[in-house]
2 protein chains.
Amino acid sequence: MNPHYYGLILAGGRGTRFWPRSRKRSAKQVLNVVGDRSLIQATVDRLAPVIPPERLWILTNEHLRATILRQLPEIPRKQVLAEPEQRNTAPAIGLAAHILHSLDPEAVMGVFPSDHVVSKPSAYRAVIDAALKGAAGRSLMVVGIAPRWPETGYGYIEFPAGTQAGAQTGPVPVERFHEKPKLPVATEYLAAGNFYWNSGMFFWRADVLLENLREHLPKTFAAISALPRFGARDFAAKLKHAFPLCDNISIDYAVLEKASNVSGIPAADFGWNDVGSWNAVYELLPRDESGNVTAPDAVCLEAHNNFVDARGKVVALLGVNDLIVVDTPDALLVAGRDKAQQVGEVLKLLEARNRHDLL
Amino acid sequence: MNPHYYGLILAGGRGTRFWPRSRKRSAKQVLNVVGDRSLIQATVDRLAPVIPPERLWILTNEHLRATILRQLPEIPRKQVLAEPEQRNTAPAIGLAAHILHSLDPEAVMGVFPSDHVVSKPSAYRAVIDAALKGAAGRSLMVVGIAPRWPETGYGYIEFPAGTQAGAQTGPVPVERFHEKPKLPVATEYLAAGNFYWNSGMFFWRADVLLENLREHLPKTFAAISALPRFGARDFAAKLKHAFPLCDNISIDYAVLEKASNVSGIPAADFGWNDVGSWNAVYELLPRDESGNVTAPDAVCLEAHNNFVDARGKVVALLGVNDLIVVDTPDALLVAGRDKAQQVGEVLKLLEARNRHDLL
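Note that residues are indexed from 1 along each chain, following the sequence as it is written. Lettering of chains starts at A and numbering of ligands starts at 1, both following the order in which they are written. For a predicted model such as this one, the threshold for reporting local features is a pLDDT of at least 70, and the threshold for listing and counting side-chain atom pairs is 80 or more; totals across whole chains, interfaces and linings nevertheless cover every residue.

Turning our attention to the overall build of chain A. In this description a helix means any DSSP run of H or I spanning at least four residues, a strand means any run of E spanning at least two, and both kinds are numbered starting from the N terminus. When you go through chain A residue by residue, the secondary structure sums to 11 helices and 17 strands. Taken against the 2.2 N^0.38 rule, which gives 21 Å for 359 residues, the C-alpha radius of gyration of chain A at 21 Å falls within 12% of a compact globule. Considering only C-alpha atoms, chain A reaches an extent of 60 × 50 × 35 Å along its principal axes. The exposure label follows from counting other C-beta atoms within 10 Å of a residue's C-beta, where the C-beta atoms are placed from the backbone and the thresholds are 20 or more for buried and 12 or fewer for exposed, leaving partly exposed in between. Out of the 359 residues in chain A, the part that is buried amounts to 48%. By definition, residues are in contact whenever their C-beta atoms, placed on the basis of the backbone, come within 7 Å of each other. Of all intrachain contacts in chain A linking residues separated by at least 6 positions in sequence, the fraction that spans at least 24 positions is 67%. Our radius of gyration is a C-alpha quantity, and the globule rule it is checked against amounts to 2.2 Å times the number of residues to the power 0.38.

Dropping the structure here:
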């Protein structure tokens, strides 16, 4: 294990599409929607052989920090930071690069979402290892995943024509990034073969990222560079002042789409899923012979292809199909599976009604 | 108010179609599925001007007796009896007739279901009054309700051709009783005009009913006649012994379809509904502009014609139609509205799995 490898896990999101189980204080990444471990615990578990917990850092928010500390006792407390306010990814990553560079000038950092699922962790780790090696050579590294279907919900990475997943020994230069495509375009991407799903993971030396920030996002770079040494008594206070001065922009827009030295690993699929909705959870979990995902004590009569998450309660489904049923002590969601992406609209309505107790 | 008028409210049923709110200890009749009062409380309320609570008797079972006593403190405790075991209506009615006759040889009794809804109580009471008057004249009296649609879930009472609802001043002889018809037959009934819904209410002098029992159901009559005086110390013990000797048969089959002196009131509808399922509750309650019956704090998005009963919890419906959603602390039902009649099948399955905690 390279001692200069560090991981930054981004865990500031809300995951509103997992309401009513997700709330401000129990966002998607701390829920155990698939399996016994929460998504962020599973992230730490699968990284451990490449980047041990003592070199993992987590950026989250004040609502979630206590839960994350409780779920991940193996990560040093000081490495679990709450952003002073919600920003996009560029300030968070810049801050982490600043801290890591100050602690280890040779630091190579991987940036990881906290709420994805990976069903082939060994294959995943081989890819992470290759990406970190590429980053140690001063590239800005991304990871593309060979698409399995013409997904319209992901961004795509375009590699040179003829690029084959898993066939390269090292990084491949990225031609271009593409936003979430419409279906005909996604279908072309799939057929072309050199378009890969953007996994949302980044790898770079901390100093290389800071150089890029200085060039492409000078205001953010200045605010972050002016911070005192991490661990200094006034660090938190100064951060609270500096963070709102940073640009509210994603690292993709701010740096990756502008930088010249961007390369990537065109990876064969390692069972990756960004678990974007309850329907994605339904797709991930084992179903009974009627296509239902339920607890063993559920009663299903003339019921097909339903997803149920209702803990400590027997659920009876009678003559219903393609539903999502999620029960919690104070809120119950019944939705069509095809409406799983729109669960956030329920929250907007609850917010408009001042039902902050349910957000 | 005629001091010889008594009421017997039959409250021994389970109402399994109202699961998960209905349980052995909270059967349909003690639930407040429409409005604030339970169905049996509403029954007592609406009868009060014709038959006061002190002359009402209730036959129920051991599971429900405590709840009924709590819900109806205005009824003398000794008049709320638990059947030693579940039998059909003939033994229960025979028992009540035996007791009432022993207390008042002139007793005229009305027999009432405990779980129906009546939205026009004044019209209802006028009909009850007419039926009781008819019964005082030694007829076996029933009440027919002018059908509003070709219902296949009710039995029908055939009056002589030309009978018009509400046009008669006194009882009309009953030609025949008809079982629940198929739709084409029900449609003929509706068109004919002299076929009325059987409301399940009966009116007769206690002595007349006992005479009929002696003639048509001698075994039951013998078992009941041998009971000691009501209030005697060994009454309960003897009843426990006598009740299983009674025929397990409805009063309709046992007496009404055989007796010669059966008359009825062909009544105009008094907003009667037997509330046979959650879908009947849906039909009874006010709906929002999307046809949903929900609590005021529910969230409905692209959701139409759903029924929700979930107390103390916010329910969000997203892209779903024609559902029944009933939530309780330990069980949740999600069913198609067209499957409301089959909720009992869920209970059969739970029973087969020994989930007696949920029955």
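Back to the text.
Once that is clear, we can look at the interface of chain A and chain B. Taken together, the contact between chain A and chain B spans 31 residues of the former and 31 residues of the latter. Looking at the side of chain A that touches chain B, the elements that each hand over two or more residues are β13 (299–301), β15 (314–318), β16 (323–327), β17 (331–336) and α11 (343–352) of chain A. Per-element tally for the side of chain A that touches chain B: the top contributor is β17(A), with six residues. Think of it as three bins: nonpolar holds Ala, Val, Leu, Ile, Met, Phe, Trp, Tyr, Cys and Pro, charged holds Asp, Glu, Lys and Arg, and polar takes everything else, Gly as well. Considered class by class, the residues forming the side of chain A that touches chain B number 21 nonpolar, three polar and seven charged. Here, a strand pair is defined by DSSP locating no fewer than two bridges between the strands. Pairing of β17(A) with strand β15 (residues 314–318) of chain B, which is carried by five bridges, proceeds in the parallel orientation. When the bridges of β15(B) are listed, Ala335(A) appears paired with Leu318(B).

Below, the discussion takes up the sheet that holds β13(A). Pairing within the open sheet is mixed, and its five strands lie in the order β13(A)-β15(A)-β17(B)-β16(B)-β14(B). Of all the strands in the sheet, the pair left with one neighbour each is β13 of chain A together with β14 (307–310) of chain B. If you compare each strand with its neighbour and ignore which way they point, the axes differ by 5° on average. Judged from the five bridges that link them, strand β16 (residues 323–327) of chain B and strand β17 (residues 331–336) of chain B form a sheet pairing that is antiparallel. Each residue of the ladder has a partner; that of Val325(B), found in β17(B), is Val334(B). Whenever a helix is involved, its axis is fitted only over the stretch in contact; in every case the axis is a line through C-alpha atoms, and angles between N-to-C directions fall within 0 to 180 degrees.

On the basis of which strands lie adjacent, the open sheet formed by five strands has the order β14(A)-β16(A)-β17(A)-β15(B)-β13(B) and mixed pairing. Each edge of the sheet is formed by a strand with only one pairing partner; in this case those strands are β14 (307–310) of chain A together with β13 (299–301) of chain B. Looking at each pair of strands side by side, their axes are set apart by 5° on average, direction ignored. Direction of pairing for β14(A) relative to β16(A): parallel, over a ladder of four bridges. Within β16(A), the position partnered with Ala310(A) by the bridge is Asp327(A). In the packing of α11(A) onto the sheet, contacts are made with β17 of chain A together with β13 and β15 of chain B, and the angle to β13(B) comes to roughly 135°.

A word on the packing of helix α6 (residues 206–216) of chain B against helix α7 (residues 218–225) of chain B. All names here are of chain B. Running from N to C, α6 and α7 cross one another at 125°; their axes reach a closest spacing of 6 Å. Classified by the angle their axes make, α6 and α7 are oblique. Here Leu-210, Leu-213 and Arg-214 of α6 come into contact with α7, specifically with Pro-218, Thr-220 and Phe-221. Note that the term roughly parallel is reserved for angles under 35 degrees, roughly antiparallel for angles over 145, roughly perpendicular for angles of 65 to 115, and oblique for everything else.

Residue and element names in this part refer to chain A. Axis separation between helix α3 (residues 89–103) and helix α6 (residues 206–216) bottoms out at 9 Å; the angle between their running directions is 130°. By the angle between their directions, the pair α3 and α6 is classed as oblique. The chirality of how α3 crosses α6 is left-handed. On α6, the residues that touch Ile-93, Gly-94, Ala-97, His-98, Leu-100 and His-101 of α3 are Ala-206, Asp-207, Leu-209, Leu-210 and Leu-213. Of the residues in the contact of α3 with α6, the class split is seven nonpolar, three polar and one charged. Helix crossings fall into two classes, left-handed where the near helix is turned counterclockwise from the far one by less than a right angle and right-handed where it is turned clockwise.

With that out of the way, let us pick up the environment of Asp252(B). Residue and element names in this part refer to chain B. If you trace the backbone, Asp-252 turns up in helix α9 (residues 251–256). Given 19 C-beta atoms within a 10 Å radius, Asp-252 is considered partly exposed. For Asp-252 and Asn-88, which are 164 residues apart along the polypeptide, the C-alpha to C-alpha distance reads 10 Å. Non-local contacts of Asp-252, meaning those with residues more than four positions away in its chain, are made with Phe-177 and Glu-257.

Here we come to the relation of the copies chain A and chain B. The superposition of copies rests on a least-squares fit of C-alpha positions from residues with pLDDT of 70 or more in both. Turning chain A through 180° and shifting it by 0.0 Å along the axis lays it on chain B, with an RMSD of 0.0 Å. Put plainly, the chains are arranged around a two-fold axis. A share of 100% of the interface residues of chain A reappears at the interface of chain B, consistent with the copies meeting face to face through the same patch.

With 99% of its residues at a pLDDT of 70 or more, chain A has an overall mean of 95. Confidence estimates for the predicted assembly give a pTM of 0.91 and an ipTM of 0.91. pLDDT is a per-residue confidence score from the predictor, ranging from 0 to 100.

Residue and element names in this part refer to chain A. Where each domain begins and ends is defined by an automated method or by a domain database. Domains assigned within chain A are domain 1 (5–273) and domain 2 (278–358). Every contact between the two is made by 10 residues of domain 1 and, on the other side, 17 residues of domain 2. When the residues that make up the side of domain 1 that touches domain 2 are grouped by side-chain class, the tally is six nonpolar, two polar and two charged.

Right, let's get into the pairing of β17(A). Of all six residues in β17(A), five are buried; the element is thus mostly enclosed. Where β16(A) folds back on β17(A), the antiparallel hairpin that results is connected by three residues.

All names here are of chain A. Of note, the amide linkage connecting Trp-19 to Pro-20 takes the cis form, showing an omega dihedral of 5°. The backbone of Val-275 sits at a positive phi, close to 45°, despite the residue not being glycine. Residue classification places Val-275 among the buried residues on the basis of 24 C-beta atoms within 10 Å. Here Asn-354, not a glycine, exhibits a phi torsion of approximately 60°, which is positive.

Attention now goes to the environment of Arg355(A). Mapping Arg355(A) onto the fold places it in the segment after α11. Residue Arg355(A) is classed as partly exposed on the basis of its C-beta count, with 16 C-beta atoms lying within 10 Å. Not counting the four nearest positions on each side in its chain, Arg355(A) is found in contact with Leu350(A) and Val314(B).

With that settled, the discussion passes to α7(B). All names here are of chain B. Along α7, the residues that are buried comprise Thr-220, Phe-221, Ala-223 and Ile-224. Along the axis of α7, the buried positions cluster into a sector of 165°, meaning they face one direction only. Seen from the open side of α7, the exposed residues pointing more than 90 degrees away from its buried face are Pro-218 and Lys-219. On its buried face, α7 sits against α3 (89–103), α6 and α8 (235–242). In this description, one arc is meant: the one made by directions from the helix axis to the C-beta atoms.

With that out of the way, let us pick up the environment of Ile9(A). Residue and element names in this part refer to chain A. Note on placement: Ile-9 falls in strand β1 (residues 5–10). Spatially, the C-alpha atoms of Ile-9 and Pro-113 are 5.8 Å apart, while their sequence positions differ by 104 residues. Sequence-distant contacts of Ile-9, that is, excluding residues within four places in its chain, are made with Ile-40, Thr-43, Leu-56, Ile-58, Phe-112 and Ser-114.

On to the pairing of strand β11 (residues 262–267) of chain B. Residue and element names in this part refer to chain B. The buried count for β11 comes to five of six residues, which makes it a mostly enclosed element. Sheet topology note: the strand β6 (residues 140–145)/β11 ladder contains six bridges and is parallel. If you follow Met-141 over to β11, its bridge partner there is Ser-263. As judged from the two bridges shared by strand β8 (residues 172–173) and β11, these two strands associate in the antiparallel manner. Note on β11: the bridge partner recorded for Val-172 is Gly-264.

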